Amino acid sequence: MSLPERFSRRGMLAMLGIVFNGAVGVILAVPIVKYLLSPVLRARTTGYDSWLSLGPLAQFPEGETRLAAYRNPVSEPSDGETAKIPCWVRHVSGERFQVFAINCAHLGCPVRWFPQSGLFMCPCHGGVYYEDGSRASGPPERGLFEYQYKVEQGNLHIKAGKVPTTGSPTARLINISLGKPPCA
Amino acid sequence: MRLISKVGDWFEARLQIGKPIRDTMQHPVPRQTASWAYVFGSAALTVFILQIVTGILLALLYVPSASEAWNSLQILNHQVALGWFVRALHGWGSNFMLAIVLIHMAQVFLFGAYKFPRELTWIVGVLLLLFTLGMAFTGQVLRFDQDAYWGLGIGASISSRIPVLGPWIVNLLLGGPIIAGATLSRFFALHVFVIPGLLIAFVGVHLLLVLKLGINEWPMPGRIVRRATYMKEYHELVHKDGIPFVPGAIVKDIFFSGFVLLAIAVCAVYFGPFGPSGQPDPTIIQTVPRPDYFFLWLYAVLSLLPPSMETPALLIGPVIVLGVLLALPFFSGEGEKSWKRRPIAVLTILLVAVALGTFTHLAGYAPWSPVMDAWSGDPIPAQYLRGRTALERQGALVFQAKQCHNCHALGGSGGDRGPKLDQVAVELTEDQLIRQVIQGGGNMPAYGKNLSPAETTALVAFLETLHPAALAPARDASRAAQ
């Protein structure tokens, strides 16, 4: 036998075996990667956001800002209390509302409303916002995140379902419309 | 005894590991490395083993479900016999492990141990530091209390700033659109399977490299590392002036590991377990989230960075730090090892230590955060109200009611977000005070919309009284004639 080992019958078979395993590996990898990416793929197919009711308008007196909570539309029984998401509802006047995410636009800590001074304050890094959600001071680079809302049959509805973060596309959209009344 | 040796022989005939173990234990090491400076690596390994053992013990009762995790920790703390102690051991073990790993890293850096031929040992060590930090963060998440919940929110906010991929990464990190059951499950998988697996594998490589390449010799000023000659010199040193690792060098390791375990146990008994703080119900917003000790410096940095620099610093900073650490043995692989001839190395360690220490200290009292309940919890000191007019006292009331106290300290109580106001009348004139209150500025919100003219008048009248008896309040020179 003068041929090199890899051209021998045994060498070829070993190569074939490796290629076969590689192919099986790819066949296995595709569903596994898809499984791992499911949080992302699910967002693209179904979308996480949906319209949710925050309750009757009577809960939100005109001129005041109240804490409301909703159950996240995508939730499992094992989520427990974490499926409950709070938000701040400001009843501007008539059917004009502003619904702010609880999360500070800096790094997401829960902002608290102080009606006496008309400010939202964040307990983490010191972000402060005015009553209309615009930035007053501190590290945030923008105002509070706002949910889209609509009033239907005497109930206030918002479009929600994702934790709002600075980098998300919705946050960027909201940023553009900030200051103007949302078109809902 | 004969039976024991017979059983031993039976196993040895099959396993044949007696000689390799003996050789490993008795491999010669430089005499001077039998030093208290060389005990931190073995101590880190000891604490790691403690973490594995206590971690398994906790996993017997911990429930990795968002609806149950917090309750299962309460049961561990209060109902299971000594459950609190195992939790405390694991929590304090985590703090000790990070501290020892950092000291170990500083020591091998100062001793030039990362230089040829131990570059890979250093690189694996840097990865081990990352995994240890990963364990600390994921462990904090498994405590699944309010701090964990909002800490995850901060992690998500930071990840979301990664260009293009940010929102996807947030979903992958959280396992869905919000922080919920899937989030805890994946952090459980990371903390219990993925990162410990990586740690065990890389600790194995780290130890193998130490054995293969020999422990770094005690650096002597003037003994220069050269790729061409180092191996020969090291072998000569070890054979001329070496001692067997066991029992020559291991004694101090054993004692130090014992001390560390004892210290962890003492801390666990004395201070008890960490948390859990409030239950992870996001609708309970009366919370002041704080990270665990070893991430406090990061919390301070995030508060103090100018907003425009924050995203670049968060996204590029870690890459630069990691890049420098990984590249270090390649651009400084030869030359002087002794810290006595490497002033920049010593200064670097000092700078990093002072910076981390300062940030951690600052984060301890977080002067950048408003004290959310100062307006209702910290009364105005009596000496600022005694003998004041009705208008001035009304101003003090406005000061409390409008939450000024959350950011401004009076008589040592209240927030540090804004300046202390005990002497504000000396610093600002009446007109300046009015302008500052109404228009804000310099990081203060404008209160113009939320103060009536009467309230502003009263508030400024009160602020005008805030000056030491010996110092007159500031006056506008142009009004002096009036």
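Residues numbered from 1 in each chain as written. Chains lettered and ligands numbered in written order. Predicted model: local features only at pLDDT ≥ 70, side-chain atom pairs only at ≥ 80, totals over all residues.

1. What to know about the overall build of chain B
Per the secondary structure count, chain B includes 20 helices and 4 strands. Taken along the three principal axes of its C-alpha coordinates, chain B extends 105 × 55 × 45 Å. Among the 482 residues that make up chain B, the fraction classed as buried is 38%. In chain B, of all internal contacts separated by at least 6 residues, the share reaching a separation of at least 24 is 79%. (Helix = DSSP H or I, 4+ residues; strand = E, 2+ residues; numbered from the N terminus. Buried ≥ 20, exposed ≤ 12 C-beta atoms within 10 Å, placed from the backbone. Contact = placed C-beta atoms within 7 Å.)

2. Focus: the overall build of chain A
Broken down by element type, chain A carries 3 helices and 10 strands. Overall, chain A shows an N-to-C arrangement of helices and strands of α-α-β-β-β-β-β-β-β-β-β-β-α. Classification of the 184 residues of chain A by burial places 41% in the buried group. Within chain A, contacts between residues separated by at least 24 positions form 46% of all contacts whose residues are at least 6 apart in sequence.

3. Structural notes on the interface of chain A and chain B
Accessible area lost on assembly of the parts is the figure often given for the size of an interface. At the interface, 50 residues of chain A touch 55 residues of chain B. Residue assignment for the side of chain A that touches chain B shows that the elements contributing at least two residues are α2 (38-45), β3 (84-93), β5 (112-114), β6 (119-121), β7 (128-130) and β8 (135-137) of chain A. Class assignment for the residues of the side of chain A that touches chain B results in 24 nonpolar, 19 polar and 7 charged. (Nonpolar A, V, L, I, M, F, W, Y, C, P; charged D, E, K, R; others polar.)

4. Brief notes about the domain arrangement of chain A
By the assigned domains, chain A splits into domain 1 (5-36) and domain 2 (48-177). Here domain 1 of chain A and domain 2 of chain A have C-alpha centroids that lie 52 Å from each other. (Domains from an automatic or database assignment.)

5. A short note on the domain arrangement of chain B
For chain B, the assigned domains read domain 1 (2-365) and domain 2 (374-479). Using C-alpha coordinates to define each centre, domain 1 of chain B is positioned 49 Å away from domain 2 of chain B.

6. Comments concerning unusual backbone geometry
The peptide bond linking F116(B) to P117(B) adopts the cis configuration, its omega dihedral lying at 0°. With respect to the helices and strands, the residue P117(B) is situated in the loop between α5 (83-110) and α6 (119-142). A cis amide bond links V246(B) to the next residue, P247(B), at an omega of 5°. Checked against the element boundaries, P247(B) lands in helix α11 (residues 245-271). Located in the positive-phi region is Q153(A), a residue other than glycine, with phi close to 50°. Summarising the element assignment, Q153(A) is placed in the loop between β9 (146-152) and β10 (155-160).

7. Things to note about the pairing of β10(A)
Residue and element names in this part refer to chain A. Of the pairings in the sheet, the one linking strand β1 (residues 50-56) to β10 comprises 6 bridges and is antiparallel in character. Pairing of S53 across the sheet is with H157, part of β10. As defined by bridge partners, β9 adjoins β10 across 5 bridges and the pair is classed as antiparallel. In the strand pairing of β10, E152 is matched with N155. (Pairing = 2+ DSSP bridges.)

8. Here we look at the pairing of strand β4 (residues 96-101) of chain A
Residues and elements named next belong to chain A. With 6 bridges connecting them, β3 and β4 associate as antiparallel partners. Bridging across to β4, R90 finds its partner in Q98. Taken together, β3 and the strand that follows it, β4, pair antiparallel across an intervening segment of 2 residues, in which G94 is found at a positive phi of about 50°. As judged from the 2 bridges shared by β4 and β9, these two strands associate in the antiparallel manner. Looking across to β9, one finds that V99 is bridged to Y147.

9. So, the sheet that holds β8(A)
Residues and elements named next belong to chain A. Within the open sheet, the 4 strands sit side by side as β5-β6-β7-β8. Their pairing is antiparallel. Looking at the sheet topology across the chains shown, the edges are occupied by β5 and β8. Looking at each pair of strands side by side, their axes are set apart by 35° on average, direction ignored. Pairing of β5 with β6, which is carried by 3 bridges, proceeds in the antiparallel orientation. Its bridge partner being in β6, R112 is matched across the sheet by M121. (Axes fitted to C-alpha atoms, helices over the stretch in contact; angles between N-to-C directions.)

10. Some remarks on the nonpolar core
Among the nonpolar cores identified, the biggest contains 112 residues, and C87(A), V47(B) and I100(B) are the most heavily contacted of them. When near neighbours in sequence (up to four residues on either side) are disregarded, C87(A) contacts A68(A), V99(A), F100(A), A101(A), I102(A) and Y147(A). (Core = buried A, V, L, I, M, F, W, Y, C linked by C-beta atoms within 7 Å.)

11. Some words on the sheet that holds β3(A)
Residue and element names in this part refer to chain A. Here we have 6 strands laid out as an open sheet, ordered β1-β10-β9-β4-β3-β2, and antiparallel in their pairing. With partners counted over all chains shown, the strands left at the sheet margins are β1 and β2 (65-71), one partner each. When strand polarity is set aside, the average angle formed by the axes of neighbouring strands in this sheet is 35°.

12. Re the environment of I438(B)
All names here are of chain B. Note on placement: I438 falls in helix α19 (residues 430-439). I438 sits in the partly exposed class, given 17 other C-beta atoms within 10 Å. Spatially, the C-alpha atom of I438 lies 7.8 Å from that of K449, the residues being 11 residues apart in sequence. When residues no more than four places from it in sequence are discounted, the contact partners of I438 are A446, Y447, G448 and T456.

13. Examining the packing of helix α3 (residues 40-59) of chain B against α5(B)
Residue and element names in this part refer to chain B. Contact geometry for α3 and α5: axes closest at 9 Å, N-to-C directions at 155°. Comparing the axis directions of α3 and α5 gives the class roughly antiparallel. Judged by the sense of rotation from one axis to the other, the crossing of α3 with α5 is left-handed. By residue class, the composition of the contact of α3 with α5 is 15 nonpolar, 9 polar and 1 charged. (Parallel < 35°, antiparallel > 145°, perpendicular 65-115°, else oblique. Left-handed = near helix turned anticlockwise from the far one by under 90°.)

14. Looking at the environment of Y447(B)
All names here are of chain B. With respect to the element layout, Y447 can be found in the loop between α19 and α20 (453-464). Y447 sits in the buried class, given 23 other C-beta atoms within 10 Å. As for Y447 and H235, which are separated by 212 residues in sequence, their C-alpha atoms are 75 Å apart.

15. A word on the confidence of the model for chain A
All names here are of chain A. Residues of chain A with pLDDT of at least 70 account for 84%, and the chain-wide mean is 84. Confidence, read as mean pLDDT per element, is least for helix α3 (residues 169-177) in chain A (47) and greatest for helix α1 (residues 9-36) (94). Between residues 172-184, whose pLDDT stays under 50, and residues either more than four places distant or in other chains, the model counts 12 contacts. (pLDDT = per-residue confidence, 0-100.)

16. Regarding the environment of C104(A)
Residues and elements named next belong to chain A. For C104, the position within the fold is in the loop between β4 and β5. Through-space distance from the C-alpha of C104 to that of H125 is 9.5 Å; in sequence the pair is 21 residues apart. Residue contacts for C104: discarding those within four places in its chain leaves C109, V111, C122, C124, G127 and P140.

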